[in-house]
Amino acid sequence: MGTGPFLFVEHVKGSRWVGRRNPEYWDRGKPYLDGYQALFIRDDADQVSAIRSGRAHIQFRGFSPAQRDDIVRALGERITVQESPWNCGLVVAINHDKEPFHDPGVRRALSLALDRYRAAVALSKTAIVEEVAGVQVPGSPFATPPAELMKLAGYGRDIRESRSEARRLLAEAGVPDGFSFVLKNRDVPMPYQHIGTWLVDEWRRIGLNVRQEIQESGQYFKDLRTGNFELSTDFQCGYVVDPDLDLYKFQSRGRSDANYGRYTDPVLDDLYVRQSRSVDPQQRARYIRAFERRLLDQEAHYIYTLQWHV
């Protein structure tokens, strides 16, 4: 449009996007670069190769820990690694239109089955995930403190107790041992398939027989949007850490086009509006905690897995 720091030069589909410095940029003296070339490289190994060879100089999405270590060994002091929590995480969309997932007890059981703390330690060694989190990025102003987070279903430290409660809830809902369903997942290995494999294994520990179905992205999003799934991985990512953006997705269908759980919850909608309008940070935090409890514990509309780490 001509108002940004760079001007368009070239786009080659599937290959590159090129921009050059805008000499009329409003913030004088910037940008610092004369231009840039953004490379489209889908394969993780090819991304690593591009950095190691100097064909590319930066990668924003994040490498796995093993890939990071490989690059550091190869380039030594010529490489800089920056790490932080990422305002992004995989969640599980539970289709409320499908039985028995219309039952909050069943949804709650699915969350109770997950040993998030053990997974955080193990998966952080192989995937771009690290911390156990609620609806806000850990360490951010409105994030729930770990001690409070542990009071939510599936966030307790005693996994035996949690799984025992999960089995009780499934039996109470009439879900037989060995009940089968499909978890749909996206054909993006990092971290979708790492998380998907973990979920399947955890649910088997409470007597559920879960099959993971890997889909190419087009079909994956089509099924999410049309409700053609029982459970599916989903994601909540934001370009800035702010409750309005981070919670918007989870409002009732009709209010949020990104609510793939297909539920209606006026209480959740009201809490969203209240937190958004509150000018007192402490009061806003209370509304956000109430929103989080209803979303993840009382109704278990969605399941949060682990916070991404870039």
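Structure first, text after, so check above.
Residues numbered from 1 in each chain as written. Predicted model: local features only at pLDDT ≥ 70, side-chain atom pairs only at ≥ 80, totals over all residues. Heavy atoms only, no water.

(A) View of the sheet that holds strand S6 (residues 180–186). Taken in spatial order, the 6 strands of this open sheet run S5-S9-S4-S8-S6-S7, and their pairing is mixed. The open sheet has two edge strands with one neighbour each: strand S5 (129–132) and strand S7 (209–215). Taken over all neighbouring pairs, the strand axes of this sheet differ in orientation by 35° on average, direction set aside. By the bridge criterion, 2 bridges tie S6 to strand S8 (residues 231–237) in an arrangement that is parallel. The residue bridging Leu183 from the neighbouring strand is Leu231, located in S8. (Pairing = 2+ DSSP bridges. Helix = DSSP H or I, 4+ residues; strand = E, 2+ residues; numbered from the N terminus. Axes fitted to C-alpha atoms, helices over the stretch in contact; angles between N-to-C directions.)

(B) Representation of unusual backbone geometry in the model. Along the chain, Lys30 connects to Pro31 via a cis peptide bond; the corresponding omega equals 0°. Counting through the fold element by element, Pro31 comes out in the loop between strand S2 (16–21) and strand S3 (35–39). Cis geometry is adopted by the peptide bond preceding Pro100, which originates at Glu99 and carries an omega value of 5°. With a phi angle near 65°, Arg262 is a residue other than glycine that sits in the positive phi range. Checked against the element boundaries, Arg262 lands in the loop between helix H9 (243–248) and helix H10 (266–277). Even without being glycine, Ala300 reaches a positive phi, approximately 45°. As for its position among the elements, Ala300 is in the loop between helix H11 (281–298) and strand S9 (302–309).

(C) Focus on the side chain of Gln215. As for its position among the elements, Gln215 is in strand S7. Here Gln215 falls in the buried class, since its relative accessible area comes to 5%. Here Asp223 takes part through its side chain, which lies 2.6 Å from a polar atom of the side chain of Gln215. The residues contacting Gln215, other than those within four sequence positions of it, are Lys184, Asn185, Arg186, Asp187, Tyr220 and Asp223. (Buried < 20%, exposed > 50% of the residue type's maximum accessible area, 1.4 Å probe, protein only. Polar contact = N/O pair within 3.5 Å; in protein donor to acceptor, adjacent residues only side chain to side chain. Contact = heavy atoms within 4.5 Å.)

(D) Looking closely at the pattern of salt bridges. Per the stated rule, a full pass over the model turns up 24 salt bridges. Across the salt bridge formed by Arg168 and Glu165, the nearest N and O atoms sit 2.8 Å from each other. Of this pair, Arg168 and Glu165 are both found in helix H6 (residues 159–172), 3 residues apart, which corresponds to roughly one turn of the helix. When its relative accessible area of 40% is taken as the criterion, Arg168 is described as partly exposed. Where Asp201 meets Arg205, a salt bridge forms, and the shortest distance between an N and an O atom there is 3.0 Å. In this structure Asp201 comes out as partly exposed when scored by relative accessible area, which is 34%. The network of salt bridges with common partners includes Arg107, Asp265, Arg294 and Glu299. (Salt bridge = Lys/Arg side-chain N within 4 Å of Asp/Glu carboxyl O.)

(E) Summary view of helix H8 (residues 217–226). Considered for burial, the residues of H8 that qualify are Ser217, Tyr220, Phe221, Asp223 and Leu224. Taken end-on, H8 shows its buried residues confined to a sector of 160°, consistent with a single buried face. Opposite the packed face of H8, turned more than 90 degrees from it, sit the exposed residues Lys222 and Arg225. Considering only its buried residues, H8 is in contact with strand S4 (85–94), S6, helix H7 (189–204), S7 and S8. Trailing H8 by a residue or two, Gly227 shows a phi angle of about 80°, which is positive. (Arc of directions from axis to C-beta.)

(F) Spotlight on the environment of Pro5. Position of Pro5 among the secondary structure elements: in the segment before strand S1 (6–12). A sequence separation of 233 residues divides Pro5 from Gly238, and the C-alpha atoms of the two residues are 22 Å apart. Ignoring sequence-local partners within four residues, the contact set of Pro5 consists of Arg20, Arg21, Asn22, Tyr25 and Pro31.

(G) Structural detail: the pairing of S4. When you tally the buried positions in S4, you get 8 out of 10 residues, the bulk of the element. Pairing between S4 and S9: 5 bridges, direction antiparallel. Its bridge partner being in S9, Pro85 is matched across the sheet by His309. Summarising the sheet, S4 and S8 pair through 7 bridges and their orientation is antiparallel. The partner of Val91 across the bridge, within S8, is Asp234.

(H) Examining H7 more closely. A rise of 1.5 Å per residue sets the reference length of H7, with its 16 residues, at 22 Å; its end C-alpha atoms lie 21 Å apart and thus fit the reference within 8%. Taken residue by residue, H7 has Met190, Pro191, Tyr192, Ile195, Gly196, Trp198, Leu199, Val200, Glu202 and Trp203 as its buried positions. (Expected span 1.5 Å × (residues − 1).)

(I) Structural detail: the side chain of Asp223. Here Asp223 shows up in helix H8. Residues contacting Asp223, with those up to four places away along its chain left out, are Lys184, Gln215, Asn228 and Phe229.

(J) Focus on the nonpolar core. Among the nonpolar cores identified, the biggest contains 67 residues, and Leu110, Trp203, Leu208, Leu231 and Leu295 are the most heavily contacted of them. Sort the elements by how many residues they give to this core and H7 lands first, with 7 residues. In this view, Leu208 contacts Leu110, Leu170, Val175, Phe179, Phe181 and Trp203; residues no more than four positions away in its chain are not counted. Ranked by size, the runner-up nonpolar core spans 8 residues in total, among them Ile41, Val48, Ala50 and Phe63. (Core = buried A, V, L, I, M, F, W, Y, C linked by side-chain atoms within 4.5 Å.)

Don't take any of this as a statement about function, it's just geometry.
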